[in-house]
Amino acid sequence: MAIVIAFRRKSSDDGWWAWALDGLLSIVIGLMALFWPEATALAFIIWMAAWGVVAGVFRIVAAIRLRHEIEGEWALGLSGLLLITWGVLMALLPAAGLLSIAWLIGTFALLIGVVMIALAFRLRRLRSA
């Protein structure tokens, strides 16, 4: 979705590349997990931690840049803050075990999803107004 947003905003937003980079990084991490399952859990955790921090920073940057264009940009910024927190926790607790990592992934994915849904409803309401 981030790549789709990037190309939709390419003509109207100089920061479209941040969305594209977020989407590309997400795809690369997903493909690595799919095609190299023999990679160690620690390497996967480090990659996911890096993705969380980088994607979180880009979401915060996007929220700051969009603050004059949309209402509810706080939700995008909050999702970025949650991603950064998740990434830092992943990096600090790599040996906590796969079960706890699964709980971290699930918890933060749920929180980020709820925040993004809140943003979608705010944008939909703004668009219809």
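The structure contained in this document is the topic of the report that follows. (Residues numbered from 1 in each chain as written. Predicted model: local features only at pLDDT ≥ 70, side-chain atom pairs only at ≥ 80, totals over all residues. Heavy atoms only, no water.)

This paragraph deals with the pattern of salt bridges. Scanning the model with the defined rule gives 5 salt bridges in all. Among the ionic pairs, Glu-69 bridges to Arg-9, the shortest N-O distance being 3.3 Å. Taken as a pair, Glu-69 in the loop between helix H3 (41-66) and helix H4 (73-92) and Arg-9 in helix H1 (residues 2-9) lie far apart in primary sequence, 60 residues in all. The closest approach of N and O atoms between Glu-71 and Arg-122, which form a salt bridge, is 3.9 Å. (Salt bridge = Lys/Arg side-chain N within 4 Å of Asp/Glu carboxyl O. Helix = DSSP H or I, 4+ residues; strand = E, 2+ residues; numbered from the N terminus.)

This part takes up the environment of Leu-82. You can see Leu-82 is positioned in helix H4. The exposure class assigned to Leu-82 is buried, which follows from its relative accessible area of 16%. (Buried < 20%, exposed > 50% of the residue type's maximum accessible area, 1.4 Å probe, protein only.)

Taken together, the side chains of Val-53, Val-57, Val-61, Val-88, Leu-92 and Leu-93 define a hydrophobic patch exposed on the protein surface, amounting to about 460 Å² of accessible area. Elements that contribute at least two residues to the nonpolar patch include exactly H3 and H4. Per element, the largest residue contribution to the nonpolar patch is 3 residues, and it comes from H3. Along the polypeptide, Val-53 turns up in helix H3. (Patch = residues over 30% accessible without salt bridge, like charges linked within 9 Å, V, L, I, M, F, W, Y side chains within 5 Å. Areas by Shrake-Rupley, 256 points an atom, 1.4 Å probe, with all protein chains shown as cover.)

Along H1, the positions that sit buried rather than exposed are Ala-2, Ala-6 and Arg-9. Along the long axis of H1, the arc covered by the buried residues comes to 80°, so they all point the same way. For H1, the exposed residues lying more than 90 degrees away from the buried face are Phe-7 and Arg-8. (Arc of directions from axis to C-beta.)

Before going further, it helps to examine the packing of H1 against helix H2 (residues 16-35). For the pair H1 and H2, the least separation of the axes is 7 Å and the interaxial angle reads 160°. Looking at the two axes, H1 sits roughly antiparallel to H2. Crossing angle aside, the handedness with which H1 passes H2 is left-handed. For the pair H1 and H2, contact is made by Ala-2, Ile-3, Ile-5, Ala-6 and Arg-9 and by Trp-16, Trp-19, Ala-20, Asp-22, Gly-23, Leu-24 and Ile-27, respectively. Classifying every residue of the contact of H1 with H2 gives 9 nonpolar, 1 polar and 2 charged. (Axes fitted to C-alpha atoms, helices over the stretch in contact; angles between N-to-C directions. Parallel < 35°, antiparallel > 145°, perpendicular 65-115°, else oblique. Left-handed = near helix turned anticlockwise from the far one by under 90°. Contact = heavy atoms within 4.5 Å. Nonpolar A, V, L, I, M, F, W, Y, C, P; charged D, E, K, R; others polar.)

Mapped onto the fold, Ser-26 is located in helix H2. Judged by relative accessible area, Ser-26 falls into the partly exposed class, the value being 28%. Taking the C-alpha atoms as reference points, Ser-26 and Gly-56, separated by 30 residues in sequence, lie 12 Å from one another. Among the polar contacts made by the side chain of Ser-26, one reaches the main-chain carbonyl oxygen of Asp-22 at a distance of 2.9 Å. (Polar contact = N/O pair within 3.5 Å; in protein donor to acceptor, adjacent residues only side chain to side chain.)

These results come straight from atomic positions and should not be treated as a statement about function.
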